[in-house]
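Below, each chain spelled out in residue letters.
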Amino acid sequence: MSESNEEIRYILKFYYKKGKNATQAAKKICDVYGPNAVYVRVAQIWFKRFQSGNFDIKDARRSCRPVTDKIDAIFGKVEQDRHISSHDVAGELGIDHKTVLAHLKKLGTQKSSIFGCLMSSLKET
């Protein structure tokens, strides 16, 4: 989708004010911008929001801390037990498994290679 979510929401708002329903609006948007521009369910959610009187098209702010604050905790778990699974790390920290994998991947290597580097650096000291 080349159009930003915010632009699509403006178009949804336009169709809402024209009196169209969410399905019609989604179909018209997809006819112009492509089949995956907006899903009917997403249009329905936004139409419900408009119906309640909220015409703000921006995403609501989230109050929770970003999961990226747990990077040190992820690597701490890995350093404590080099045989710990990524599923166990996710469970112990209460975060999504995919997040753990993504942070491990950011090092540019797999978990087993991380341990090899850690162990070799420990042996050298």
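Residues numbered from 1 in each chain as written. Predicted model: local features only at pLDDT ≥ 70, side-chain atom pairs only at ≥ 80, totals over all residues. Heavy atoms only, no water.

A.B. asks: Describe the pattern of salt bridges, listing the residues and the values that go with them.
C.D. replies: Evaluated as defined, the whole model comprises 3 salt bridges. Its salt-bridge partner being Lys58, residue Glu6 comes within 3.3 Å of it at the nearest N-O pair. Here Glu6 is found in helix H1 (residues 5–17), whereas its partner Lys58 is found in the loop between helix H3 (40–51) and helix H4 (71–80), with 52 residues between them in sequence. A relative accessible area of 43% places Lys58 in the partly exposed class. Salt-bridge contacts for Lys77 lead to Glu92; the nearest nitrogen and oxygen are separated by 2.8 Å. With Lys77 in helix H4 and Glu92 in helix H5 (residues 86–93), this pair connects stretches of sequence that are 15 residues apart. The exposure class of Lys77 is partly exposed, given its relative accessible area of 22%. (Salt bridge = Lys/Arg side-chain N within 4 Å of Asp/Glu carboxyl O. Helix = DSSP H or I, 4+ residues; strand = E, 2+ residues; numbered from the N terminus. Buried < 20%, exposed > 50% of the residue type's maximum accessible area, 1.4 Å probe, protein only.)

A.B. asks: How would you summarise the packing of helix H2 (residues 22–33) against H3 if you had to cite specific residues and measurements?
C.D. replies: H3 packs onto H2 with a crossing angle of 130° between their chain directions and a minimal axis gap of 8 Å. The orientation of H2 relative to H3 falls into the category oblique. Pair H2 / H3 crosses with right-handed handedness. Judged by residue contacts, Ala22, Thr23, Ala25 and Ala26 of H2 engage Val40, Ala43, Gln44 and Phe47 from H3. Of the residues contributing to the contact of H2 with H3, the split by class is 6 nonpolar, 2 polar and no charged. (Axes fitted to C-alpha atoms, helices over the stretch in contact; angles between N-to-C directions. Parallel < 35°, antiparallel > 145°, perpendicular 65-115°, else oblique. Left-handed = near helix turned anticlockwise from the far one by under 90°. Contact = heavy atoms within 4.5 Å. Nonpolar A, V, L, I, M, F, W, Y, C, P; charged D, E, K, R; others polar.)

A.B. asks: Can you explain the packing of aromatic side chains? Please cite residues and give values.
C.D. replies: Taken as a whole and assessed by the stated rule, the structure comprises 7 aromatic pairs. Taken together, a centroid distance of 6.1 Å and an interplanar angle of 45° make the contact between Trp46 and Phe50 tilted. With a gap of 4 residues between them, Trp46 and Phe50 both fall in helix H3, about one helical turn apart. Trp46 sits in the buried class, given a relative accessible area of 8%. (Phe/Tyr/Trp six-rings, centres within 6.5 Å; stacked < 30°, edge-to-face > 60°.)

A.B. asks: Mind laying out the side chain of Arg9, listing which residues take part and the relevant values?
C.D. replies: If you trace the backbone, Arg9 turns up in helix H1. Assessed through its relative accessible area of 11%, Arg9 is described here as buried. Excluding its chain neighbours within four sequence positions, the residues that come into contact with Arg9 are Trp46, Phe50, Ile57, Lys58 and Asp59.

A.B. asks: Before we move on, can you summarise the nonpolar core with the specific residues and values?
C.D. replies: Leu12, Ile29, Val38 and Phe47 are the most contacted members of the largest nonpolar core, which totals 15 residues. At the level of secondary structure, the elements contributing two or more residues to this core comprise H1, H2 and H3. Element by element, the count of residues in this core is highest for H2, at 5 residues. Those residues within four positions of Val38 in sequence are excluded, and the remaining contacts are Ile8, Leu12, Ala26, Ile29, Cys30 and Ala43. One finds Phe75, Val78, Ile84 and Ile95 within the second-largest nonpolar core, a separate group that totals 10 residues. (Core = buried A, V, L, I, M, F, W, Y, C linked by side-chain atoms within 4.5 Å.)

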